[in-house]
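Listed below are the residues making up each chain.
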Amino acid sequence: MVVTVDPEKFALAAVIGWPIMHSRSPLMHNFWMKQLGISGRYLPIAIKPGKVVDALRALPGLGFSGCNVTIPHKMVAKDSVDDVDDAADKMGAISCVVVREDSSLFGTNNDWIGFLRNLEYSLPKFVLKDRYVTVMGAGGAARAVCYGLIKSQVKKITVVNQTLNKSKLLQRLYGDIICVRSWENRNAALEGSSLIVNATSLGMVGMRDHDIPIEAIDQNAVVYDIVYTPSETNLIRRASVNGNPTCTGLGMLLHQGPVAWKHWFGIEPLVTNELYDLVRRNLEAEYGPGKTIV
Ligand code: NAP
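Thresholds, definitions, all that
- Residues numbered from 1 in each chain as written.
- Predicted model: local features only at pLDDT ≥ 70, side-chain atom pairs only at ≥ 80, totals over all residues.
- Heavy atoms only, no water.
- Helix = DSSP H or I, 4+ residues; strand = E, 2+ residues; numbered from the N terminus.
- Rg over C-alpha atoms; globule rule 2.2 N^0.38 Å.
- Buried < 20%, exposed > 50% of the residue type's maximum accessible area, 1.4 Å probe, protein only.
- Contact = heavy atoms within 4.5 Å.
- Areas by Shrake-Rupley, 256 points an atom, 1.4 Å probe, with all protein chains shown as cover.
- Lys, Arg positive; Asp, Glu negative; His and termini not counted.
- Charge placed at Lys NZ, Arg CZ, Asp CG, Glu CD.
- Pairing = 2+ DSSP bridges.
- Domains from an automatic or database assignment.
- Buried area = accessible area lost by both parts, 1.4 Å probe.
- Salt bridge = Lys/Arg side-chain N within 4 Å of Asp/Glu carboxyl O.
- Axes fitted to C-alpha atoms, helices over the stretch in contact; angles between N-to-C directions.

Draft legend 1. Highlighting the overall build of the chain. When helices and strands are tallied, the chain shows ten helices and twelve strands. Taking 294 residues into account, the globule formula puts the C-alpha radius of gyration at 19 Å, and the chain, at 19 Å, falls close to it. Principal-axis analysis of the C-alpha atoms places the extent of the chain at approximately 60 × 40 × 35 Å. Counting only residues that meet the buried cut, the chain has 52% of its 294 residues in that class. Taking contacts inside the chain between residues at least 6 apart in sequence as the whole, the part at least 24 apart equals 67%. About 13,600 Å² of surface is accessible on the chain, with carbon and sulfur atoms providing 52% of the total. Distance between charge centroids for the chain: 3 Å, based on 31 positive and 28 negative side chains.

Draft legend 2. Examining the pairing of strand β10 (residues 195–198) more closely. Taking every second residue as pointing to the same face, both faces of β10 are buried, with Leu-195 and Val-197 on one and Ile-196 and Asn-198 on the other. Bridging between strand β7 (residues 132–136) and β10 involves four bridges; their strand directions are parallel. Among the inter-strand pairings, Val-133 is bridged to a residue of β10, identified as Leu-195.

Draft legend 3. Structural context of the domain arrangement of the chain. Along its sequence, the chain is organised into domain 1 (11–109) and domain 2 (112–250). Placing a centre on the C-alpha atoms of domain 1 and another on those of domain 2 gives a separation of 27 Å. Between domain 1 and domain 2, the residue contacts involve five residues of the former and seven residues of the latter. Overall, the association of domain 1 and domain 2 removes approximately 600 Å² of surface from exposure, summing both partners, and the carbon and sulfur fraction of that is 59%. Considering only the surface of domain 1 that becomes buried against domain 2, Lys-90, Met-91 and Asn-109 emerge as the three largest contributors, covering 75% of it. At the boundary of domain 1 with domain 2, the tally comes to zero salt bridges.

Draft legend 4. Representation of the sheet that holds β7 in the model. With parallel pairing, six strands are arranged side by side in an open sheet as β9-β8-β7-β10-β11-β12. Two strands lie at the open edges of the sheet, namely β9 (178–182) and β12 (246–248), each paired on one side alone. Here the average twist between neighbouring strands, direction ignored, is 20 degrees. Pairing of β10 with strand β11 (residues 222–225), which is carried by four bridges, proceeds in the parallel orientation. Along β11, the bridge assignment pairs Asn-198 with Asp-225.

Below is the structure:
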């Protein structure tokens, strides 16, 4: 790989959030800095709510090429930058800020790209066009997932969420390609789907697990769980045992990295098995292989 980062410049990027020290982004980005022999650092910066504008406006003067934005700042940050792209505009949230040559700030949302790239990388033969998809959840991540699915020309997306009004909000945002089913009918919504995405927080460490009847779904249906704490959720494990192809949230997280690098440093590092294992082991050291409350 040809590295084009300015050798005179100490490459700087960050992730801002509150809290932030749980973030695995520094591990991933600093792995690439070292691997590519780049002089620089990716820092976790804890920014309290109310301080987002100050933090973002300080980036150019401090020599940062940009930053990632995580909970709870994604929406405020979108309104604090100078320009955003179509994806960020539609989602009302950004996950990445880029400092431009003239010190202005550009905001974009890479969650949907990470979601798609991970699917392409994990299951290269799976084609999304004209597929029926079920998305469980209607929060910020589901919004990004649906954006990516629509970009990929799926036929229909059935959204099931505990709070029905949030599903209806997604339908208003994206139109009739979204079909809304109630949470109570979630199992029926899985029938005929080629791809089932968990974009709820269910299955996360400390949360109860998903109750999807894996045995009853089509064995060819891809099960994609975007939760990455633990790195392998109970849902993914059950789907694998059932013989379904699977995709993990950890992969989605890692595949957002190269997109940000392209914006900040003009290069796209690779998501390798070595990087995947490094972050997986690090997550397992803290959360175990899957300490969910079933
Ligand atoms: P969010 O905006 O807070 O949305 C949370 C979603 O989970 C909502 O749909 C919510 O339903 C649902 N939910 C929460 N508790 C539930 C319960 N007990 N039963 C059923 N549904 C429940 O959060 P988010 O940003 O969308 O994130 C959701 C998950 O995705 C998190 O685990 C996050 O870490 C993960 N994520 C992963 C990536 C990645 O790169 N892999 C990126 C972004 C997010 P209601 O609307 O009814 O509350």
